[in-house]
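Single-letter residue listing:
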Amino acid sequence: MINVTLLAHTPQPLRVIYTAAKTCYSGAKPETIFQTAVTRQAMEHLIRKVVERGHHSVLEHVNFTFAISGISRACSHQLVRHRVASYSQQSQRYVEPSAEFVIPHTIRKHDKANDIFYKTVEHCMTAYKEMLTLGIPKEDARFVLPNATPTNIVVTMNLRELMHVAGLRLCARAQWEIKFVLALIKREVKKVDKFLGELLVPRCVRLGYCPEEVSCGLRPKKG
Ligand SMILES: Cc1cc2nc3c(=O)[nH]c(=O)nc-3n(C[C@H](O)[C@H](O)[C@H](O)COP(=O)(O)OP(=O)(O)OC[C@H]3O[C@@H](n4cnc5c(N)ncnc54)[C@H](O)[C@@H]3O)c2cc1C
């Protein structure tokens, strides 16, 4: 089962971002800004303003670390294409994979495709196990494992990169599994701070138009 759990985050994320943004426009020292009483509304107002202006570097001061489990290797490959992040992924050189393969719903709901899927992954798994018994090391036997093989990964991203990734992967046209992972990530961030979680939106929402060739209709196409 696909699961996303927030392991850790920068303490007082809203106040940290507010302090970073306010420092740019204030004669006060950042440590003073950090300690001075300010309403939540004022912090949100300033952060909303700098985000709208594209002054996104202030969001880099806040990090989130997620434990992501049960995703397919197809999904983790897409995730790790996002380079401004830190990753620690379960190694197929050392760990035998679980047989709980990730199955897309288009296959699951189709009797014949479902049958083909299970026969194929079971065949792959049998081949993998047989190779291990023949003395083939895990790092080589894994070459017969399918994209549906589950994996676990720990990911740390700052809020700026999370916003960027959400912009691409929460898009209606993104692939279902990574879109689902980003929805779970957004849910975790919202638990920490609803305002910050709401910054994680498909990029058309921020742009006001759809930059994709084929639009889902959430926002109009440019022009
Ligand atoms: C719908 C969709 C379809 C895709 N299809 C394909 C595909 O068919 N084939 C394929 O190979 N990939 C595909 N990708 C992956 C895509 O090309 C990117 O590799 C991936 O989305 C990572 O995003 P990124 O490069 O914007 O940003 P990240 O790696 O998340 O980096 C964030 C930002 O930092 C900056 N940055 C990071 N590294 C550098 C650098 N070295 N130099 C300059 N600036 C940098 C850029 O501004 C970048 O946007 C697809 C992605 C999506 C969302």
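Everything numeric in this text was worked out from a predicted model, so none of it was measured.

Moving on to the overall build of the protein. A count of helices and strands for the protein gives eleven helices and four strands. Taken over the C-alpha trace, the protein has a radius of gyration of 21 Å; the compact-globule value for 223 residues is 17 Å, which it surpasses by more than 25%. Its C-alpha atoms put the protein at 70 × 45 × 25 Å along the principal axes. Taking the intrachain contacts of the protein between residues at least 6 apart in sequence as the baseline, contacts between residues at least 24 apart amount to 73%.

Take the environment of Gly167 next. Positionally, Gly167 belongs in helix H8 (residues 159-169). Judged by C-beta crowding, with 21 C-beta atoms within 10 Å, Gly167 ranks as buried. Sequence separation between Gly167 and Ile116 is 51 residues, and the spatial gap between their C-alpha atoms is 35 Å.

Glancing now at the environment of Leu199. Relative to the helices and strands, Leu199 is located in the loop between helix H10 (194-197) and helix H11 (203-207). Given 22 C-beta atoms within a 10 Å radius, Leu199 is considered buried. The spatial distance from the C-alpha of Leu199 to the C-alpha of Phe180 is 17 Å, given a sequence separation of 19 residues. If we ignore the near neighbours within four places in the chain, the residues touching Leu199 are Val51 and Met163.

Residue placement: Val51 occurs in helix H3 (residues 40-52). In sequence terms Val51 and Thr106 are 55 residues apart; their C-alpha atoms lie 38 Å from each other.

As a further point, take the site of the ligand. Taken together, Arg81, His82, Arg83, Val84, Glu161, His164, Val165, Leu168, Arg173 and Ala174 make up the full set of residues adjacent to the ligand. The residue inventory of the shell around the ligand, partitioned by class, reads four nonpolar, two polar and four charged.

Our focus in this paragraph is the packing of H8 against helix H9 (residues 176-192). Packing of H8 against H9 leaves a shortest axis separation of 9 Å and a crossing angle of 140°. When the axis of H8 is compared with that of H9, the two are oblique. Crossing hand, H8 versus H9: left-handed. Facing Val165, Ala166 and Arg169 of H8, the residues of H9 in contact are Ile178, Lys179, Leu182 and Lys186. Of the residues in the contact of H8 with H9, the class split is four nonpolar, no polar and three charged.

The domain boundaries assigned to the protein delineate domain 1 (3-87 + 150-207) and domain 2 (103-144). Placing a centre on the C-alpha atoms of domain 1 and another on those of domain 2 gives a separation of 36 Å.

This part covers the nonpolar core. If you look at the biggest cluster of nonpolar residues, it comprises 34 residues, and the most contacted ones within it are Ile17, Ala21, Leu162, Val181 and Leu182. At the level of elements, helix H1 (13-24), H3, strand E2 (63-72), helix H4 (73-79), strand E4 (150-158), H8 and H9 are the ones that each hand at least two residues to this core. Ranked by residue count, the leading element in this core is H9, at five residues. Excluding residues that lie within four positions of it along the chain, Ala21 makes contacts with Leu46, Ile47, Val50 and Val58.

Glancing now at the sheet that holds E4. Taken together, the four strands give an open sheet; going across it, the order is E1-E2-E4-E3, and neighbouring strands pair in antiparallel fashion. On the outer flanks of this sheet lie strand E1 (3-9) and strand E3 (85-89), each paired with one strand and no other. Within this sheet the neighbouring strands show an average axis-to-axis angle of 20°, counted without direction. Examined bridge by bridge, E2 and E4 share nine bridges and lie antiparallel to one another. Residue pairing for E4: Ile68 is matched across the bridge by Ile153. In the packing of H8 onto the sheet, the strands contacted are E2, E3 and E4, and the crossing angle to E4 comes to about 125°.

Reading the values: rules and limits
- Residues numbered from 1 in each chain as written.
- Predicted model: local features only at pLDDT ≥ 70, side-chain atom pairs only at ≥ 80, totals over all residues.
- Helix = DSSP H or I, 4+ residues; strand = E, 2+ residues; numbered from the N terminus.
- Rg over C-alpha atoms; globule rule 2.2 N^0.38 Å.
- Contact = placed C-beta atoms within 7 Å.
- Buried ≥ 20, exposed ≤ 12 C-beta atoms within 10 Å, placed from the backbone.
- Near = placed C-beta within 6 Å.
- Nonpolar A, V, L, I, M, F, W, Y, C, P; charged D, E, K, R; others polar.
- Axes fitted to C-alpha atoms, helices over the stretch in contact; angles between N-to-C directions.
- Parallel < 35°, antiparallel > 145°, perpendicular 65-115°, else oblique.
- Left-handed = near helix turned anticlockwise from the far one by under 90°.
- Domains from an automatic or database assignment.
- Core = buried A, V, L, I, M, F, W, Y, C linked by C-beta atoms within 7 Å.
- Pairing = 2+ DSSP bridges.

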